[in-house]
Amino acid sequence: MRALTIAALVCLAFAFPAHADESVLFEVQGKDKVLGTIRPAVERESILCNLVKGTTLKASVKSTQKTGPVPTLEVTLDDLPVAGAIVTAKGRGAALAPFVADVSGTYKVSVLGDAVKDGDYQFAVSWAAQKAFSGTGTSAGETLFPFAAPAGSAVTVTLAAAPGSAFVPHLLALEGPSAATVALAGGAKAGPVALPSRGDWNVRFRSDAADGAFKISVKIAAPKPPKHSIDIRDSALGGAFSGGSSVYGAVIDPGTGGEVGVTDPGSPIAGSSVSVPPDSLGQSTSIFVAESEPYVPPGGAHAAGPAVEFGPSGTEFDPAHPATVTIPFDANQFPVDTNSLVVYVRDANGVVTAVPGPYTFGAGTVTFTTSHFSTFMAATTGPRVAPEGIYVALGVGGSPQMGLAGQVSVTTGIVDLKNGRYDNFLSSVELYFGPPNVDNIRGYAYVSFGGDGTSGLTSLVDDATIALTDDGGSPRGTIRRGRRDDALVLEQPPSIVHRNLALFRRPQGNPTLNALAGRWHAFVWEFKAEPNGAGDTDRAFTCAANTGTATISGTGGVTFQFAGAVERTTRFPGGIWRTSTTGPSKVTGTLEIDPDYIPILRLANGRESPPIGFDVVLDGDVLLAAVSNMDLGGGPSDAQVGLVILVRQSVKASAAKIAGQLFEVSGGIDVFEGPVADDELGLSWRSQTATSELVDDRSYSSDGTLVLTGYTASSFDPSTTTTPYSQSLPKAWSFSSDGRLAINALGVTGAAIPKGDVGVYLLRGGSGMLVGFALRR
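Residues numbered from 1 in each chain as written. Predicted model: local features only at pLDDT ≥ 70, side-chain atom pairs only at ≥ 80, totals over all residues. Heavy atoms only, no water.

Draft legend 1. Here's a closer look at the overall build of the protein. Counting its regular elements, the protein contains three helices and 60 strands. Put simply, the protein has 777 residues, and 52% of those count as buried. When the accessible area of the protein is evaluated, it comes to approximately 31000 Å², of which 54% is carbon and sulfur surface. (Helix = DSSP H or I, 4+ residues; strand = E, 2+ residues; numbered from the N terminus. Buried < 20%, exposed > 50% of the residue type's maximum accessible area, 1.4 Å probe, protein only. Areas by Shrake-Rupley, 256 points an atom, 1.4 Å probe, with all protein chains shown as cover.)

Draft legend 2. Representation of the pattern of salt bridges within the structure. Applying the stated criterion to the full structure yields 14 salt bridges. The salt bridge involving Asp208 is made with Arg206; its shortest N-O contact spans 3.4 Å. Looking at Arg206, the relative accessible area reads 29%, which means it is partly exposed. One connected set of salt bridges, linked through shared partners, spans Glu142, Glu175 and Arg204. (Salt bridge = Lys/Arg side-chain N within 4 Å of Asp/Glu carboxyl O.)

Draft legend 3. Main features of the sheet that holds strand β7 (residues 87–89). With mixed pairing, the six strands of this open sheet are ordered in space as β7-β8-β4-β10-β2-β19. Each edge of the sheet is formed by a strand with only one pairing partner; in this case those strands are β7 and β19 (227–231). Averaged over all pairs of adjacent strands, the angle between their axes in this sheet comes to 15°, without regard to strand direction. (Pairing = 2+ DSSP bridges. Axes fitted to C-alpha atoms, helices over the stretch in contact; angles between N-to-C directions.)

Draft legend 4. Broad picture of the packing of aromatic side chains. Under the counting rule described, the total for this entry stands at 15 aromatic pairs. Residues Phe310 and Phe376 carry aromatic rings whose centres are separated by 5.8 Å and whose planes lie at 70° to one another, so their mutual orientation is edge-to-face. Of this pair, Phe310 sits in strand β25 (residues 308–311) while Phe376 sits in strand β31 (residues 375–380); the two residues are 66 residues apart in sequence, bridging distant segments of the chain. The buried category is assigned to Phe310, whose relative accessible area is 0%. Residue Phe376 is classed as buried on the basis of its relative accessible area of 1%. With a centroid separation of 6.4 Å and 85° between ring planes, the pair formed by Tyr359 and Phe361 is classed as edge-to-face. A relative accessible area of 21% means that Tyr359 is categorised as partly exposed. Aromatic rings pair up to connect Phe310, Phe317, Phe329, Phe334, Tyr359, Phe361, Phe368, Phe373 and Phe376 into one cluster. (Phe/Tyr/Trp six-rings, centres within 6.5 Å; stacked < 30°, edge-to-face > 60°.)

Draft legend 5. Layout of the environment of Tyr446. Mapped onto the elements, Tyr446 comes out in strand β35 (residues 444–462). The sequence separation of Tyr446 and Gln407 amounts to 39 residues, and the corresponding C-alpha distance is 9.8 Å. Once residues within four sequence positions are removed from consideration, Tyr446 is found in contact with Glu430, Leu431, Tyr432 and Ala639. (Contact = heavy atoms within 4.5 Å.)

Draft legend 6. Main features of the sheet that holds strand β13 (residues 154–161). As summarised here, the arrangement of the four strands in space is β11-β18-β13-β16, forming an open sheet in which the pairing is antiparallel. Every interior strand has two partners, whereas the edge strands, β11 (132–138) and β16 (189–194), have only one. For this sheet, the mean angle separating the axes of adjacent strands, direction not counted, is 15°. Pairing between β13 and β16: four bridges, direction antiparallel. Directly across from Val155, in β16, lies its bridge partner Val193.

Draft legend 7. Summary view of the environment of Leu96. For Leu96, the location among the structural elements is in strand β8 (residues 93–100). Residue Leu96 is classed as buried on the basis of its relative accessible area, which comes to 4%. Expressed as a C-alpha distance, the spacing of Leu96 and Leu73, which sit 23 residues apart in the sequence, is 7.2 Å. Those residues in contact with Leu96, other than ones at most four positions away along the chain, are Leu57, Lys58, Ala59, Leu73, Val75, Ala85, Ile86 and Val87.

Draft legend 8. Up close: the nonpolar core. Core analysis: the largest hydrophobic core is formed by 31 residues, its most contacted members being Val28, Leu57, Leu73, Val109 and Phe123. Sequence-distant contacts of Leu57, that is, excluding residues within four places in its chain, are made with Cys49, Leu51, Leu96, Ala97, Pro98, Phe99, Val109, Val125, Ser126 and Trp127. (Core = buried A, V, L, I, M, F, W, Y, C linked by side-chain atoms within 4.5 Å.)

Draft legend 9. Molecular detail of a positive patch on the surface. Among the surface-exposed residues, Lys31, Lys33, Lys58, Lys62, Lys224 and Lys227 lie close enough to one another that they form a single positively charged patch. Every element with two or more residues in the positive patch is listed here: β2 (31–38) and β4 (56–63). Tracing the sequence through the fold places Lys33 in strand β2. Its relative accessible area of 43% is what places Lys33 among the partly exposed residues. (Patch = residues over 30% accessible without salt bridge, like charges linked within 9 Å, V, L, I, M, F, W, Y side chains within 5 Å. Lys, Arg positive; Asp, Glu negative; His and termini not counted. Charge placed at Lys NZ, Arg CZ, Asp CG, Glu CD.)

Draft legend 10. Just unusual backbone geometry, in detail. Looking along the chain, the bond that leaves Arg39 and enters Pro40 is cis, with omega of 5°. Inspection of the secondary structure puts Pro40 in the loop between β2 and β3 (44–51). Residue Gly191 is joined to Pro192 through a cis peptide bond whose omega torsion reads 0°. Secondary-structure assignment places Pro192 in strand β16. For Leu618, which is not glycine, the phi torsion reads 50° and is therefore positive. As for its placement among the helices and strands, Leu618 is situated in the loop between β48 (615–617) and β49 (622–628). Residue class for Leu618 comes out buried when judged on its relative accessible area of 1%.

Draft legend 11. View of the side chain of Thr326. Looking at the secondary structure, you find Thr326 in strand β26 (residues 323–328). In terms of polar contacts, Thr326 uses its side chain to reach the side chain of Thr367, at 2.7 Å. (Polar contact = N/O pair within 3.5 Å; in protein donor to acceptor, adjacent residues only side chain to side chain.)

Draft legend 12. Broad picture of the confidence of the model for the protein. Mean pLDDT for the protein: 80, with 75% of residues reaching 70 or above. Between residues 1–21, whose pLDDT stays under 50, and residues either more than four places distant or in other chains, the model counts 90 contacts. The low-confidence segment residues 675–696 (pLDDT under 50) makes 89 contacts with residues lying over four places distant or belonging to another chain. (pLDDT = per-residue confidence, 0-100.)

Draft legend 13. Spatial organisation of the pairing of β25. Of the two faces of β25, both are covered, the one formed by Val308 and Phe310 as well as the one formed by Glu309 and Gly311. Summarising the sheet, strand β23 (residues 285–291) and β25 pair through four bridges and their orientation is antiparallel. Counterpart to Ala290 in the pairing with β25 is Glu309.

Draft legend 14. Region of interest: the environment of Gly137. Of note, Gly137 is situated in strand β11. Since its relative accessible area comes to 24%, Gly137 is described here as partly exposed. Other than its neighbours up to four places away in sequence, Gly137 contacts Gly212, Ala213 and Phe214.

Structure, rendered in structure tokens:
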């Protein structure tokens, strides 16, 4: 659910809480369009329209997704239904028949879903003020004639005596809201006169002779409202998966300026505000303050508060009248003073730079001036606090020996970090295989399921390291962290089977089919003990890696298009690795969300494949699943385990969004032909072998340059001695239009999600195959 609250004053805008069943209150102008998201299905999102008496209002809403809700509209004033506001169904949406506001006020036009489906909508609104007010009467001293008009309207008043009346016109003043007064010079006609404020006005006049009958007309030329398109969809705001961001905003008048502030203490960006001085903007603008996605600042700094977007992005202010911006920071990261705090700004192209001071500090806030809007965040090079949250764990391990029995496993589970403690709940799918024995003359293979749980204490060693101990004080491993805490690496003692696990932060919201709909990069790793053929006395073992795309529809249809698998195969109890490839393939299936909000994939591949349950991580941009007997490869096997990773495609992927460093312990699988003396097949995490592809220090610049440190020049044969060196490879990596990453110098292809926290890679050729993923440092 998006917590979106909009303030709506011209001179001073302030946040106010939403109604109990609302999550959006957003002020618009007279020619605006709004893109939004109804999620969950029972949500309502309300658009505020500040109208004066006599204004004619029209509005419409429609679903932008065929599988989304069919929205409708509701119009209220002071939380009461407005008589005469008639809403009718129209296609996959609804329309508000034109109606005239009989009083001035803030009218609320609410978008309601169908309480069954979630999804995106488009809302359009327009209104026009009444152009003329006229009347007749008999004066009695000073007399008032009421009318209503928007701010900035040009008003022309004509006053005359009725036929045969002794009335002599004398216009005195225009009197408006908040004691606003515009003096008139007498006589029978005045104007055009510009009105400084919106609302209900009166013409004050008298007769310079005897009182008598009169007639009066007020003609109004209202300013033409600017057209805006406002995108507050979940996908645009970059907030929590299926939740969205907190947003606060108001229409700011250029002549008076104004302020937007976040006063809700429960908001993650509480304390944020922007003050716009008069004569800073060129036109009335819907200014908003929104929770945005954190980013990695340069120079070794790390985030010390939420990222706050001030928009519309790119809005510029008169340099002589800059806006004053306030954002919050985490006071726990500054136990002594705020000397290390630096504010950074990220522009629309992803470029991050420091905001020069001076800074003014409040209670957990920092204030500065800016000449343009973008996304601001406080950062520091000082010590960091410990990460907290629920993380999904992922690990792949194994020790297949060429002449002995072997084991391969995929581990998933939950790691909960909170209040200086950790709790692990892990489960494994394990493939065991071996040579012939007295019970099985052709060798054996089977799948086993296991799990374990541990808990204990966490302690900060330094900014990048967290030590784990059990409650008795014995070491249980180390958590390595980067400059963001969305992805971590857990390194466990050698006595634990799955020594290294990748940890991905679980999102706050729950998945829905419409939230998952779209195109994904697909990666499938399978480890198979193949059946023996007639007369065979040994067993084939295969590692297959397949890459492609997955398209998920809003109704749950799934289509995989694979480019072709790479397979590494050997035979037990002897033999060497042989590499082969398969051609393109297509697999279809259906996706559903079970009562526990787990996406369940069921394949329609002509075999009885078990359902695949995904863990949703990184704001819904990555889906992970450990599987058994799925077999998307070349046919059935006696036993099989695997891993499926779906990474959301991003057409906005760019070098700037993934620039930085990746973890040395990236996680993944090497399959290589090991040294004969060691009789080792070499299926392992990269950290457990001498291989160094995509392992050691790497720095990706925003212009596509890749700098490597600590690499060997001889591919990834573990029999080769590692020789540290540094090498700069100009333009060594790039993105395709669909967000696929190509690291040209290494022959690696893969994908990057919009946040750039995870890349999934496949390397082919040489003496082996590498499939894996790398985590943002």
